[in-house]
Amino acid sequence: NAGVMQNPRHLVRRRGQEARLRCSPMKGHSHVYWYRQLPEEGLKFMVYLQKENIIDESGMPKERFSAEFPKEGPSILRIQQVVRGDSAAYFCASSISGANVLTFGAGSRLTVL
Amino acid sequence: GQSLEQPSEVTAVEGAIVQINCTYQTSGFYGLSWYQQHDGGAPTFLSYNGLDGLEETGRFSSFLSRSDSYGYLLLQELQMKDSASYFCAVISRNQGGKLIFGQGTELSVKP
């Protein structure tokens, strides 16, 4: 069981470029959550998805950010026209059902130059 | 809205017992979870309390009092490897059942 797989682990982008972060949940998990973490801070909820559905995107900025979890393939968090303030660690987590127990990936660290 | 309060830092010595408190304010409270994170790595699940009382898992225990909107994580027989950040997190029905994290407590275990 490979756990939650995130890639890339590290991503460097220049301002204005696009960042795509991928997350493959644990086998058998159909619930995916994305969180963002700045250094020395907690995890901020961004979006909750199930296969082909966005359940809750209340934590996502209204512009430039989007997420999907297609029927086949990984969940994708997409950030368009990145700015320096987007530099952070982005964690994906999955669960069988609900948020009682989340299994997290190792995170993708985005640096915007 | 909702909020969680936990101490930012705690220091203890090897072999000791430490308690990390968490108070929360949220509507539609469903449960309280605890996660451990080492050096910015993947947070790992420690425990979940849906009902009042104590849950014990090895050296770690977690307690919840719904009437007091309060919980704690108890770590016994501390080891150096327990040095990490510990996050309490609430699940709220009114927030779509997602997990909302506190700011975390940095635990330093000294020899």
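Residues numbered from 1 in each chain as written. Chains lettered and ligands numbered in written order. Predicted model: local features only at pLDDT ≥ 70, side-chain atom pairs only at ≥ 80, totals over all residues. Heavy atoms only, no water.

1. Points about a negative patch on the surface
A surface patch of like charges, here negative, comprises E40 and E41 of chain A together with E9, D39 and E106 of chain B. Following the sequence through the fold, D39 of chain B ends up in the loop between β4 (29-37) and β5 (44-49). Since its relative accessible area comes to 84%, D39 of chain B is described here as exposed. (Patch = residues over 30% accessible without salt bridge, like charges linked within 9 Å, V, L, I, M, F, W, Y side chains within 5 Å. Areas by Shrake-Rupley, 256 points an atom, 1.4 Å probe, with all protein chains shown as cover. Salt bridge = Lys/Arg side-chain N within 4 Å of Asp/Glu carboxyl O. Lys, Arg positive; Asp, Glu negative; His and termini not counted. Charge placed at Lys NZ, Arg CZ, Asp CG, Glu CD. Helix = DSSP H or I, 4+ residues; strand = E, 2+ residues; numbered from the N terminus. Buried < 20%, exposed > 50% of the residue type's maximum accessible area, 1.4 Å probe, protein only.)

2. As for the interface of chain A and chain B
How big an interface is tends to be stated in terms of the accessible area lost upon association of its parts. Contacts between the two partners involve 20 residues from chain A, matched on the other side by 21 residues from chain B. In total, chain A and chain B occlude about 1500 Å² of area from one another, counting both sides; carbon and sulfur atoms represent 56% of this. Considering only the side of chain A, the residues that lose the most area to chain B are L43, N100 and F104 of chain A, jointly responsible for 32% of the buried surface there. Put simply, chain A and chain B have one salt bridge between them. The residue D56 of chain A makes a salt bridge to K98 of chain B at a minimum N-O spacing of 2.8 Å. At the junction of chain A with chain B, the criterion picks out seven residue pairs in polar contact (both at pLDDT 80 or more). Counting residues per element, the ones that place at least two in the side of chain A that touches chain B are β4 (31-37) and β5 (43-50) of chain A. At four residues, the largest contribution of residues to the side of chain A that touches chain B is made by β5 of chain A. The residue makeup of the side of chain A that touches chain B, split by class, is eleven nonpolar, five polar and four charged. (Contact = heavy atoms within 4.5 Å. Buried area = accessible area lost by both parts, 1.4 Å probe. Polar contact = N/O pair within 3.5 Å; in protein donor to acceptor, adjacent residues only side chain to side chain. Nonpolar A, V, L, I, M, F, W, Y, C, P; charged D, E, K, R; others polar.)

3. So, the confidence of the model for chain B
Scored by pLDDT, chain B comes out at a mean of 94, with 98% of its residues at no less than 70. Per-element averaging of pLDDT across chain B places strand β10 (residues 99-101) of chain B at the bottom with 92 and strand β8 (residues 70-75) of chain B at the top with 98. (pLDDT = per-residue confidence, 0-100.)

4. Quick word on the state of the cysteines
Residue and element names in this part refer to chain B. What the rule picks out here adds up to two disulfides over all chains. Between the sulfur atoms of C22 and its disulfide partner C88 the distance amounts to 2.2 Å. A torsion of 75 degrees about the S-S bond marks the disulfide between C22 and C88 as right-handed. Here C88 lies in strand β9 (residues 84-92) and C22 lies in strand β3 (residues 18-25), a separation of 66 residues in the sequence. According to the relative accessible area criterion, C22 is buried, its value standing at 0%. (Disulfide = S-S within 2.5 Å.)

5. Let's talk about the packing of aromatic side chains
Using the criterion set out here, one finds 14 aromatic pairs over all chains in the structure. Taking the centre distance of 4.4 Å and the plane angle of 5 degrees together, the rings of Y33 of chain A and Y48 of chain A count as stacked. You can see Y33 of chain A sitting in strand β4 and its partner Y48 of chain A sitting in strand β5, a full 15 residues away along the chain. Seen in terms of ring centroids, Y35 of chain B and F45 of chain B are 5.6 Å apart; in terms of plane orientation they differ by 70 degrees. Their pairing is edge-to-face. (Phe/Tyr/Trp six-rings, centres within 6.5 Å; stacked < 30°, edge-to-face > 60°.)

6. Section: the pattern of salt bridges
One pass over the structure, following the stated rule, counts five salt bridges over all chains. Measuring nitrogen to oxygen at the nearest pair gives 2.7 Å for the salt bridge that ties D86 of chain A to R64 of chain A. Of this pair, D86 of chain A sits in the loop between β8 (75-79) and β9 (88-95) while R64 of chain A sits in the loop between β6 (53-56) and β7 (65-68); the two residues are 22 residues apart in sequence, bridging distant segments of the chain. Of the residues examined, R64 of chain A reaches a relative accessible area of 26% and is grouped as partly exposed. A salt bridge links D82 of chain B to R59 of chain B; its shortest N-O distance comes to 2.8 Å. Of this pair, D82 of chain B sits in the loop between β8 and β9 while R59 of chain B is found in the loop between β6 (53-57) and β7 (60-65), placing the two residues 23 residues apart along the sequence. The structure contains a network of salt bridges with shared partners spanning E18, R20 and R78 of chain A.

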